[in-house]
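For reference, the chains in residue letters:
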Amino acid sequence: MEYKNPLGVDIDLETGVIPGAKKLVRRLSDLKGYFVDEKAYEELLKENPVVYEVYAVEQEEKDGDLNFATTVLYPGKVGREFFFTKGHYHSKADRAEIYYGIKGKGGMLLQTPEGKAEWIEMKPGTVVYVPPYWAHRTVNTGDEPFIFLAVYPADAGHDYGSIAEKGFSKLVVEENGEVRIVDNPKWKE
Ligand code: S6P
Ligand code: ZN
């Protein structure tokens, strides 16, 4: 039997950085077609800000193993819509996931393949259970980086296709200084 070595790492709770992790950067240009207000998107694209960064410690895609990653989701809006992660189903759709809020303020939008959506607010210390089959996207509703940890099966994979094409049935927007969950006018079943 070949045993893997256990590992302990300290997440920087101020910046979300995991030392030695693989870093992924998503800029606004990586999110083309994701925001409803296309004019506001084109305008902000001139600056092309970083929307989020992911620090991932991933294993081979084997049944039974676990990956973990922090995400640093920056504050900002495109039109009325708060900055968000792309959002995905898992390629192995029945794989669940756990999120843990570290810093800042936001939430998770979850959705079944039929378009039933749920919004769960997150702050430091919030644990979110993402059940099998639910797509998930995080949203920063605050004015500082929203940082959280995700722990997910190593063989879960990411299926971005359907969200990239159809989005979520709900949007998370600012209305008169308040966070509101509203119907997505572009949603199609
Ligand atoms: C992985 C987990 C997170 C996200 C990250 C970025 O299963 O859910 O680490 O990958 O928050 O979001 P996205 O939707 O671009 O992968
Ligand atoms: Zn996931």
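Residues numbered from 1 in each chain as written. Chains lettered and ligands numbered in written order. Predicted model: local features only at pLDDT ≥ 70, side-chain atom pairs only at ≥ 80, totals over all residues. Heavy atoms only, no water.

### Comments concerning the nonpolar core
It is characteristic of soluble globular proteins that their nonpolar side chains tend to be buried jointly. The biggest cluster of nonpolar side chains holds 35 residues, and the ones touching the most others in it are Leu28, Phe35, Val51, Val78, Tyr99, Met108 and Met122. Elements supplying a minimum of two residues to this core: α1 (38-45), β2 (50-57), β3 (66-73), β7 (106-111), β9 (127-130), β10 (135-140) and β11 (146-153). Residues in contact with Met108, not counting those within four places in the same chain, are Tyr99, Glu118, Trp119, Ile120, Met122, Val128, Val130, His136, Arg137 and Thr138. Listed in part, the eight residues of the second largest apolar core include Tyr55, Val57, Val72 and Leu149. (Core = buried A, V, L, I, M, F, W, Y, C linked by side-chain atoms within 4.5 Å. Buried < 20%, exposed > 50% of the residue type's maximum accessible area, 1.4 Å probe, protein only. Helix = DSSP H or I, 4+ residues; strand = E, 2+ residues; numbered from the N terminus. Contact = heavy atoms within 4.5 Å.)

### Focus on the UniProt feature "domain: Glucose-6-phosphate isomerase prokaryote" (unreviewed entry) in the protein chain
Per the UniProt record, "domain: Glucose-6-phosphate isomerase prokaryote" (unreviewed entry) is annotated on residues 25-180. As annotated, residues 25-180 comprises 9% helix and 44% strand, and the C-alpha atoms at either end are separated by 27 Å. (UniProt positions renumbered as here; feature names shortened; annotations may be inferred.)

### Re the coordination of the zinc ion (ligand 2)
At 2.1 to 2.3 Å from the zinc ion (ligand 2) lie its protein donor atoms, namely His88 (NE2), His90 (NE2), Glu97 (OE) and His136 (NE2). Angles of 65 to 172° at the metal separate the six donor atoms of the zinc ion (ligand 2), which places the site in the irregular class. Each donor residue of the zinc ion (ligand 2) belongs to the same chain, and together they define the spacing H-x1-H-x6-E-x38-H. Note that His88 is positioned in the loop between β5 (81-82) and β6 (97-103) and His136 in strand β10, a separation of 48 residues in sequence. Summarising the burial analysis for this pair, His88 and His136 share the class buried. (Donors = N, O, S within 2.8 Å, 3.2 Å for Na, K, Ca; no water. Tetrahedral: all angles 85-135°; square planar, octahedral: opposite > 155°, others 65-115°.)

### A few points about the pairing of β11
Most of β11 is tucked away, with seven of its eight residues classed as buried. Note: β3 against β11, eight bridges, orientation antiparallel. Counterpart to Asn67 in the pairing with β11 is Tyr152. One ladder, built from five bridges, connects β6 with β11; its direction is antiparallel. Each bridged residue has a counterpart across the sheet, and for Lys103 the counterpart in β11 is Ile147. (Pairing = 2+ DSSP bridges.)

### Some details on the layout of surface pockets
The volume enclosed by the largest pocket comes to roughly 390 Å³. Surrounding the largest pocket, 23 residues form its lining, Leu24, Val54, His88, His158 and Tyr160 being those nearest its centre. Elements supplying a minimum of two residues to the lining of the largest pocket: β1 (22-27), β2, β3, β6, β10 and β11. Its residues assigned to classes, the lining of the largest pocket comprises 10 nonpolar, seven polar and six charged. Each pocket or cavity is described by its volume, and for the second largest pocket that value is around 210 Å³. (1 Å grid on protein atoms, 1.4 Å probe; cavity = no way out; pocket = protein on both sides within 12 Å on 5 of 7 lines; lining within 4 Å. Points joined across faces, edges and corners; volume = space filled by probe spheres on them. Nonpolar A, V, L, I, M, F, W, Y, C, P; charged D, E, K, R; others polar.)

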